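# Fold and contact review
Listed below, chain by chain, are the residues.
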Amino acid sequence: MGFTLMITRAAYGVYSNDNTCGRTYDGDCLAETSLEVMQGLCNGESSCSVEAANSVFGDPCRGTAKYLTATWTCEIVEPDVDTSSDGLDWNIFSMAQQAALPVSFDGEERYFVSVPCSTDVWFKLFLFGEDSQNSHVELFSKTAGNIYCHDAGSRSWWGGAKTDFNIDQAMQCEDGDTRIILIVEQTSDFIAIKNRGTTLYSQTFGADDGDCGKATTRVTTQVWTDDVELFLAVLNVPIIEVEIQEDIWCEYQDSYLYTYSSGTSSYDDLASAKAACLERDDCGGITQEPYNDNRYTLRVGPELYEGVSPTDEISWVTCEAELLKRNDKEELNDTEELKDKEELKDKIVKRTNRSKFSV
């Protein structure tokens, strides 16, 4: 039981020039495979780590620093709960024995209650905050109950307001069991009572619902049906995060760098080569060798010979390093251009002076 990821949107490439380390791109630079790849890697998983790289999504614009963004939802996976082997910590409670549990949640609150299939049971769950009771969930039978919110409405019912409800769906027993498992789910926005994936009742909280939806720190029980044992379990559902690794490498087709790095310089996979290169002082980039079982080799560089490989080599250099080199080249070209202009100006002046003397 828990949450699984469902990717709803994904984009690999550049749709804003705010995150490209200074290198802008004007045009269409979004990988068409973005959503398909992310859904294939992450949907149905409880966590997901995806490298933002051309090797994963393809290259929508060569030589440009790209990044990956994604949005997702968390889908609840309902279990077939077996009170003897499901791994939950079940606590017995009855008319004579109260259960009182401290709780702490990172996300959605979830409470499991096991009741007999053969008889109606009248019980209540009290949900407390730091200072006082926030709310309660009460079932009189398998077909009726109420939700109480402290400090809600006109505060005419025990300092708050309650909402009575009926349950139209029949509760289902566990397979091969004599128990019914009810699941009470609560967030800051709603509360719901479920049984084997079916929502029996739900209520959305609004501004007039007082303390309903506030974080619970303690849950207690009360039972009005004699000679029956119930069980309570609490599950802490963590907030799921998707780790998206920013790609710091730029890929160049038909390109190569000179000179192998010292020591071990050849690797079977690109990820290992990237990791090794970042640890080396004499590694300016990586070149894949099609003529050598497509192995990835560490190269000193730092000069990148782009688009001139006779053997279809592919190279990777860190985007930041390549950007700095290109900026340096531009500055050097500007300096040389200025120098050429000064020399040309000097030649014109000298030629003019000689013309004056010859008149």
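Structure: above.
Report on the accompanying structure.

The rules we used
Residues numbered from 1 in each chain as written. Predicted model: local features only at pLDDT ≥ 70, side-chain atom pairs only at ≥ 80, totals over all residues. Heavy atoms only, no water. Helix = DSSP H or I, 4+ residues; strand = E, 2+ residues; numbered from the N terminus. Buried < 20%, exposed > 50% of the residue type's maximum accessible area, 1.4 Å probe, protein only. Contact = heavy atoms within 4.5 Å. Areas by Shrake-Rupley, 256 points an atom, 1.4 Å probe, with all protein chains shown as cover. Pairing = 2+ DSSP bridges. Core = buried A, V, L, I, M, F, W, Y, C linked by side-chain atoms within 4.5 Å. Phe/Tyr/Trp six-rings, centres within 6.5 Å; stacked < 30°, edge-to-face > 60°. Lys NZ or Arg CZ within 6 Å of the ring centre and 35° of its normal.

Take the overall build of the protein next. What the protein contains, in helices and strands, is 4 helices and 24 strands. Relative to its full complement of 359 residues, the protein shows a buried share of 42%. Within the protein, contacts between residues at least 6 apart in sequence are counted, and of these 67% link residues at least 24 apart. Accessible surface, the protein as shown: approximately 19600 Å² in total, 47% of it carbon and sulfur.

Okay, the pairing of strand S22 (residues 295–299) next. Looking along a regular strand, one sees side chains alternate from face to face of the sheet. Most of S22 is tucked away, with 4 of its 5 residues classed as buried. Of the pairings in the sheet, the one linking strand S20 (residues 266–267) to S22 comprises 2 bridges and is antiparallel in character. The residue bridging Tyr267 from the neighbouring strand is Tyr296, located in S22. As paired strands, strand S21 (residues 285–289) and S22 are joined by 5 bridges and run antiparallel to one another. Looking across to S22, one finds that Gln288 is bridged to Tyr296. The turn joining S21 and S22, which pair antiparallel and follow one another in sequence, is formed by 5 residues; a positive phi near 55° is taken by Asp293.

Ranked by size, the top nonpolar core spans 35 residues in total, and within it Tyr111, Phe123, Leu230 and Leu232 carry the most contacts. Those residues in contact with Tyr111 that sit more than four places away from it in its chain are Val103, Phe105, Leu125, Leu127, Leu182, Ile183, Val184, Thr216, Val219, Leu232, Ala233 and Val234. Core analysis: the next-biggest nonpolar cluster, separate from the first, contains 13 residues, Ile7, Cys48, Ala52 and Phe57 among them.

Let us look at the packing of aromatic side chains. Within the structure shown, the criterion is met by 12 aromatic pairs. Here the aromatic rings of Trp122 and Trp224 are separated by 4.8 Å at their centres, their planes lie at 25°, and the arrangement is stacked. Placement of the pair is Trp122 in the loop between strand S7 (109–116) and strand S8 (123–128) and Trp224 in the loop between strand S15 (218–223) and strand S16 (230–236), with a sequence separation of 102 residues. Residue Trp122 is classed as partly exposed on the basis of its relative accessible area, which comes to 33%. Aromatic pair Tyr148 and Trp157: ring centres 5.5 Å apart, planes at 55°, arrangement tilted. The cationic tip of Lys162 hangs over the ring face of Trp157; the distance from NZ or CZ to the ring centre is 5.4 Å. Positioned over the ring face of Phe128 is Arg218, at 4.2 Å from the centre of the ring.

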